Amino acid sequence: MNKPPNHFYFPIKPLALTIAALCSLNAANAHAVAKPLTEANTLLEAMGDPNEASFMKNNHLKIGGWLNSGITYNATDPGDRFNGPVTFGDRSAEPQVNQLNLFLQRAVASEGSSWDLGGRFDVMYGSDAVFTQAYGVPGNELGFAPGTRPLDRGTWDLDITSNSRFYGFAIPQAYLEAYIPIGNGLNVKAGHFYTPIGYETVPAPDNFFYTHAYTMQYGEPFTHTGIMANYTIDKNWAVMGGAVTGSATGGWDGSWDQQLGNWSGLMGATWTSNSKATSLNMSGTYGARSEQTDDAWAMYSAVLKHNFTDKMHFVLQHDHGFADGINPAYSTAPDAEWYGVLSHLTYDVRDDLTAGIRGEWFRDQNGFRVCAPGRTAARCAPGSFYAVTAGVTWKPVKWLNVRPNVRYDWVDSNAPAGSQPFDGGNQDNQFLFSTDMTLAF
């Protein structure tokens, strides 16, 4: 089978603008002392950290970011070069600049008797941008025939495009934050922010593996637009709650200018043991799917973390989601449901080297959530998806993280040939070999 043309290109303009911006800040901080590359936590520290400039310090501001790039080899050698429903590292034998992310932040106090105001703004460029844009309003009302209930998708970061098939921009976070000295201290965010639900998240530096679990990609929201409050009750308990809007998928991945009449609840609680070795988080969302319907869209996630030793760390997660009225043509099963179990086990071999394994079962019994390729949602079929991933994270220096991984996926599905999730619909399993690196600014 003939291969399609290689659409990879290194993002010269975004990278050049990033370097120019950082250099201009560095020039304003000419008296800062640069750390040696072997001692710096970020590349900015090795340049003479602009965050040490008087303006930044006096206003408690911080600028930073990261560059994440990787490559994946797919043993099935798919003709379309897509790794099926596996996302983020979703292209085979093709280098990807996944995330060039910059942020400006004023962090707020976490305790004290005084009010504090701040916020954060992130902008991301790369092949991962499409997965974290505010796409919570589909082109047509879910549960209705295509073209019968068209929806306006909005003008937030979906409209920030590039001239590439796979590369684009996203603004995954833009929020104000306040610390309110009530009781033990109340933290409130208002705006657009990453979801607190689940274990894995979008920012590359915060994950152990390069690729993501089905649970994270298909079972949970990525972002919300709305308001969220966090409160620590005591050393064992903390609670979270809020209201989110701008979405026709039950408050998931909402924007700023559509579906603002549709509000959903966001809630959660975390218990932590006295020793801090064990914690359990329960969180989820609940609300109507959109302004046009009262059909419910909801999910919950339970994340148990436990440190067996100072070096061995374990995570067990269970998600369960529901979307009513999605399949009205099926009178016996008009509602969609998805659920699964996910685990991580990691071991700190050295201070700079950690080994880990991840195992997952994810059931999409209605063929509603998991589609392949994940970027284009071309084929969706009911099935149970399984994946085992093993790898290491190596930090030769503090500002560089390298993650070689091997992953095996397979599916238990009755989908016919041509509708399977892997190798352009022709396979029910695949091996992936990948590696990536993340440079911290």
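Computed from a predicted model, the values in this text were never measured in an experiment.

J.: Mind showing me how you'd approach the environment of A109 here?
T.: Checked against the element boundaries, A109 lands in the loop between β2 (96-106) and β3 (116-126). Residue A109 is classed as partly exposed on the basis of its relative accessible area of 28%. Residues A109 and P181, 72 residues apart in the sequence, show an inter-C-alpha distance of 9.8 Å. If near-sequence neighbours (up to four positions away) are discounted, A109 is found in contact with D116 and Y179.

J.: I'm lost on the environment of N429 in this one. Help?
T.: Tracing the backbone through its elements, the reader meets N429 in strand β19 (residues 429-440). For N429, a relative accessible area of 23% puts it in the partly exposed group. In this structure the C-alpha to C-alpha distance between N429 and Y408, which are 21 residues apart in sequence, comes to 7.4 Å. Those residues in contact with N429, other than ones at most four positions away along the chain, are T76, Y408, D409, W410 and F422. Within polar-contact distance, the side chain of N429 engages the side chain of D428 at 2.8 Å.

J.: Looking at this model, I keep getting lost on the packing of aromatic side chains. Mind explaining?
T.: How two aromatic rings sit relative to each other is set out by the distance from centre to centre and by the angle between their planes. As enumerated under the stated definition, the model contains 22 aromatic pairs in all. When the ring of W252 is compared with that of W297, the centres are 5.5 Å apart and the planes differ by 80°; the resulting orientation is edge-to-face. Taken together, the residues W252 in the loop between β7 (237-245) and β8 (264-272) and W297 in strand β10 (residues 293-307) connect sequence positions 45 residues apart. Centroid distance W252 to W338: 6.2 Å. Interplanar angle 90°. Geometry classified as edge-to-face. Of this pair, W252 sits in the loop between β7 and β8 while W338 sits in strand β12 (residues 336-350), placing them 86 residues apart in sequence. Counting every residue linked through ring pairs, the aromatic cluster contains Y73, Y386, Y408, W410, F431 and F433. Here the basic side chain of R120 rests over the ring of F103, its NZ or CZ set 4.0 Å away from the ring centre. For R369, the ring lying beneath its charged end belongs to W338, and the centroid distance is 5.1 Å.

J.: It is not clear to me how the nonpolar core should be interpreted in this structure. Could you clarify?
T.: Taken as a class, soluble globular proteins show a tendency for nonpolar side chains to be buried jointly. Judged by nonpolar contacts, the single largest core of 25 residues is most densely connected at Y214, L266, W297, A323, W338 and F368. Going through the elements one at a time, α5 (214-219), β7, β10, β12 and β16 (383-397) are the ones with two or more residues in this core. If we skip the residues at most four places from it in the chain, A323 touches A296, W297, D335, A336, W338 and F368. By size, the runner-up hydrophobic cluster in this structure holds 21 residues, among which are V97, V397, L400 and V402.

What counts and what doesn't
Residues numbered from 1 in each chain as written. Predicted model: local features only at pLDDT ≥ 70, side-chain atom pairs only at ≥ 80, totals over all residues. Heavy atoms only, no water. Helix = DSSP H or I, 4+ residues; strand = E, 2+ residues; numbered from the N terminus. Buried < 20%, exposed > 50% of the residue type's maximum accessible area, 1.4 Å probe, protein only. Contact = heavy atoms within 4.5 Å. Polar contact = N/O pair within 3.5 Å; in protein donor to acceptor, adjacent residues only side chain to side chain. Phe/Tyr/Trp six-rings, centres within 6.5 Å; stacked < 30°, edge-to-face > 60°. Lys NZ or Arg CZ within 6 Å of the ring centre and 35° of its normal. Core = buried A, V, L, I, M, F, W, Y, C linked by side-chain atoms within 4.5 Å.

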